[in-house]
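Architecture and fold: a report
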Amino acid sequence: MHVPSLLPDELHLGFVGRVMRLNGFTDTASFRKNLLRMLPGAREVSIETIATLAKMPLGRYAYHHSLMPFLHAIRLAHQAQYTHEDVTAWYGNVARLGRLTDEVSLCPGCVAEDEDFWGFTYWRRSHQIPGIDICPKHGSALHRMTRTGALHPPAQFLNKAVAVDSAIVAQARSNEIVRRYQEICLLFLERGSPLPVDQVRAHLINRSTELGLRACEVGKRPVLSDLIEEKAAGPRLWANFPGLEGRAKGKFHHPVDGIMRGSHVAYPAQAYALGLACLFDSAEEALLAMSQPIPKVQGIERASLTGLPSEERTPNDHRLIRATRAFLLGGSLLEVCEQYHVTLAALETMLRGIGMNALGGSAYAM
Ligand SMILES: [Zn+2]
């Protein structure tokens, strides 16, 4: 079987289509039959079979040609590396070839360029991210059609695929949060390994507190979803996060605000991308902040209970722990105390308790 070279950002399902066409297969059933005959031991045409055919390790193939790095951008710390099981579990069979919905998207600008440059056209993975409506390169509206279209050249659908709704495209072009969401999603796709969820959560809480937002369910301060609604209300936001529309102000909205809560389970990547787009001024700044390891404050909980006057212990212990982390992440002593509503004396006692000089400079295990 003739197997072509994979192209930059080429979508897995599109590659399957190219292999089929180059070898004269017009239906998936005969392709499957031939492929299984060719690869003894393979029982199904899976992403693994195709990676074998492309002579590429499965992890590398999935990393460069599927949406897995986006979907798994934030995970539990012990899942920091993509494993063989991860890939096969997510893309177990030919029916789940890396799309979250039943559609594939193309950009007419990319199709025209590919025809000029390569002499043929192919499907790009970065056009398939949920919530991305315009081509990252050309800024033009993406055109969508049913997923099986990816088995054929995109050029074939230039006149048939339907352009994304113009109101959504207008918001994607003009709203800075929606634009940054797109940039963050693309950075997720390029990351070599997932970000640990507990690390991301600690940074998100720090950043929200800095901005005067509430990271817990009950309270008076506004929550992240209030800020999102204020900055990005519109057709794109409602299409991607329908529950946000009509939500009561100040109400903790779990599908989005929950990114501050979960440390045992990661939320969908879209929720993190939206939260980060709102909390930071640039995509690079957001990703840089999230990739800083959180200080390992060994014994921090124990330290909080020793040497503190009893009235300082509760209910502020969790605030004290967060304040200590914020200080260790570079916050100023006074600002941190103000943000987390803890007294200077309590924070100083805490820092002494964990062997840290409040003025900084102490060697600290990161
Ligand atoms: Zn394009």
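In case you missed it, the structure is sitting above this.
Quick notes on the rules
- Residues numbered from 1 in each chain as written.
- Predicted model: local features only at pLDDT ≥ 70, side-chain atom pairs only at ≥ 80, totals over all residues.
- Heavy atoms only, no water.
- Helix = DSSP H or I, 4+ residues; strand = E, 2+ residues; numbered from the N terminus.
- Buried < 20%, exposed > 50% of the residue type's maximum accessible area, 1.4 Å probe, protein only.
- Areas by Shrake-Rupley, 256 points an atom, 1.4 Å probe, with all protein chains shown as cover.
- Pairing = 2+ DSSP bridges.
- Donors = N, O, S within 2.8 Å, 3.2 Å for Na, K, Ca; no water.
- Tetrahedral: all angles 85-135°; square planar, octahedral: opposite > 155°, others 65-115°.
- 1 Å grid on protein atoms, 1.4 Å probe; cavity = no way out; pocket = protein on both sides within 12 Å on 5 of 7 lines; lining within 4 Å.
- Points joined across faces, edges and corners; volume = space filled by probe spheres on them.
- Core = buried A, V, L, I, M, F, W, Y, C linked by side-chain atoms within 4.5 Å.
- Domains from an automatic or database assignment.
- Contact = heavy atoms within 4.5 Å.

**What to know about the overall build of the protein**
When helices and strands are counted, the protein shows 20 helices and 5 strands. Put simply, the protein has 366 residues, and 51% of those count as buried. Summing over all exposed atoms, the protein offers an accessible surface of approximately 17,200 Å²; the carbon and sulfur share of this is 54%.

**What to know about the sheet that holds strand β2 (residues 103-106)**
Reading across from one edge, β2-β3-β4 is the order of the 3 strands in this open sheet, with antiparallel pairing throughout. Each having just a single partner strand, β2 and β4 (162-163) make up the two edges of the open sheet. Pairing geometry for β2 and strand β3 (residues 143-146), over 4 bridges, is antiparallel. Along β3, the bridge assignment pairs L106 with H143.

**Regarding the pairing of β3**
Strand direction decides the pairing type here: β3 and β4, joined by 2 bridges, are antiparallel. Across the sheet, residue R144 finds its bridge partner in β4, namely V162.

**A closer look at unusual backbone geometry**
In this structure, K55 takes a positive phi of about 55° despite not being glycine. Inspection of the secondary structure assignment puts K55 in the loop between α3 (47-53) and α4 (58-65).

**What about the coordination of the zinc ion?**
Coordination of the zinc ion by the protein comes from C107 (SG), C110 (SG), C135 (SG) and H138 (ND1), over a distance range of 2.1 to 2.3 Å. Coordination at the zinc ion is tetrahedral: its 4 donor atoms span angles of 106 to 112° at the metal. Each donor residue of the zinc ion belongs to the same chain, and together they define the spacing C-x2-C-x24-C-x2-H. Taken together, the positions of C107 in the loop between β2 and α7 (108-117) and H138 in the loop between α7 and β3 put the pair 31 residues apart, joining distant regions of the chain. Owing to a relative accessible area of 1%, C107 belongs among the buried residues under this scheme. Overall, the relative accessible area of 31% leaves H138 in the partly exposed class.

**Examining empty space enclosed by the protein**
The full count for this structure, using the stated rule, is 2 cavities of 30 Å³ or more. Roughly 60 Å³ of internal volume is contained in the largest cavity. The wall of the largest cavity is formed by G131, I177, V178, Y181, A232, R236, L237, N240, F241 and L274. Only α9 (176-190) and α12 (235-240) provide two or more residues apiece to the lining of the largest cavity. By volume, the second largest cavity amounts to about 40 Å³.

**Some details on the nonpolar core**
Grouped together as the largest cluster of nonpolar side chains are 57 residues, with contacts concentrated most on I184, F188, L204 and L224. Within the residue set of this core, elements represented by two or more residues are α5 (68-71), α8 (166-174), α9, α10 (197-210), α11 (224-232), α12, α14 (269-279) and α15 (283-290). Tallying contributions element by element places α14 first for this core, with 9 residues. When residues of this core are assigned to domains, at least three fall in each of domain 1 (12-168) and domain 2 (192-290). Those residues in contact with I184 that lie beyond four places of it in its chain are A273, L276, A277, A283, A286 and L287.

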